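Tertiary structure, described
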Amino acid sequence: MSSESRLYTISPETKTALRKFRLSTSRAKDAQAIIYEIDKSSMDIKRADDEVYTSIQELSDELPDNTPRFVLLSYPLTLASGRLSVPYVMINYLPPTCSSEMRMLYAGAKELMRNQSEVNRIIEIDSADDLEDIEEKLKGED
């Protein structure tokens, strides 16, 4: 058992919701995103709200200025070859204004969240404005 899985908890309901979201978005026609947070008192990783965001602008508006978040994003795009791709990624949102304690909290849970959500890749951003360039980040390998 890894140290993250002893420190942080993910409820069975959250695990089921993660799996359901991943499976339901694999053939999505529109972008879909959900926001997750860590409850500092219980160390539970849970959904921040019940919203499934279909607009990158709405998602950007919803991210807090001073608190990190994990965002699961399924984003359909057409590659240069003309092939449709629906990457499923985790965005690790870590604003520069958040406290060191919160940075450490989210850094420690990142791999656990990655494994539980079964994302293909993690994209690091430090500003909600970085979401405007998400399509380029998804098409590239950086």
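1. A closer look at helix α4 (residues 100-117)
When the terminal C-alpha atoms of α4 are compared, their 25 Å separation across 18 residues agrees well with the 26 Å that a helix rising 1.5 Å per residue should span. At K110, α4 shows its largest bend, some 40 degrees. Within α4, burial applies to M102, L105, Y106, A109, L112, M113 and S117.

2. Things to note about helix α2 (residues 12-25)
The first and last C-alpha atoms of α2 sit 20 Å apart over 14 residues, in line with the 20 Å expected at 1.5 Å per residue. Those residues of α2 that are buried lie in contact with β1 (32-39), β2 (44-47), β3 (69-74), β6 (88-93) and α4.

3. Section: the side chain of E37
You can see E37 is positioned in strand β1. Separated by 3.1 Å, the side chains of E37 and R69 make a polar contact. When residues no more than four places from it in sequence are discounted, the contact partners of E37 are D44, I45, K46, R47, A48, R69 and Y106.

4. Observations regarding the pattern of salt bridges
Evaluated as defined, the whole model comprises seven salt bridges. The salt bridge partner of R69 is E37, with a shortest N-O separation of 3.1 Å. With a gap of 32 residues between them, R69 in strand β3 and E37 in strand β1 connect regions that are remote in the sequence. The exposure class of R69 is buried, given its relative accessible area of 13%.

5. Examining the pairing of strand β7 (residues 121-125)
With four of five residues buried, β7 is to be regarded as a mostly interior element. Relative to β7, β6 runs parallel, the two sharing five bridges. Looking across to β7, one finds that I91 is bridged to I123.

6. Remarks on a negative patch on the surface
On the surface, a cluster of negative charge is made up of D50, E51, E58, D61 and E62. In this structure, D61 sits in helix α3 (residues 56-62). Take D61: its relative accessible area is 55%, and that puts it in the exposed class.

7. Section: the packing of α2 against α4
Their axes nearest at 9 Å, the elements α2 and α4 cross at an angle of 60 degrees. In terms of axis orientation, α2 runs oblique to α4. Taken together, the residues of α4 that come into contact with α2 (itself represented by K15, L18 and R22) are M113, Q116 and S117. Among the residues making up the contact of α2 with α4, the classes are represented as two nonpolar, two polar and two charged.

Rules used in this analysis
Residues numbered from 1 in each chain as written. Predicted model: local features only at pLDDT ≥ 70, side-chain atom pairs only at ≥ 80, totals over all residues. Heavy atoms only, no water. Helix = DSSP H or I, 4+ residues; strand = E, 2+ residues; numbered from the N terminus. Expected span 1.5 Å × (residues − 1). Bend = angle between axes of the 7 residues up to and from the residue. Buried < 20%, exposed > 50% of the residue type's maximum accessible area, 1.4 Å probe, protein only. Contact = heavy atoms within 4.5 Å. Polar contact = N/O pair within 3.5 Å; in protein donor to acceptor, adjacent residues only side chain to side chain. Salt bridge = Lys/Arg side-chain N within 4 Å of Asp/Glu carboxyl O. Pairing = 2+ DSSP bridges. Patch = residues over 30% accessible without salt bridge, like charges linked within 9 Å, V, L, I, M, F, W, Y side chains within 5 Å. Areas by Shrake-Rupley, 256 points an atom, 1.4 Å probe, with all protein chains shown as cover. Lys, Arg positive; Asp, Glu negative; His and termini not counted. Charge placed at Lys NZ, Arg CZ, Asp CG, Glu CD. Axes fitted to C-alpha atoms, helices over the stretch in contact; angles between N-to-C directions. Parallel < 35°, antiparallel > 145°, perpendicular 65-115°, else oblique. Nonpolar A, V, L, I, M, F, W, Y, C, P; charged D, E, K, R; others polar.

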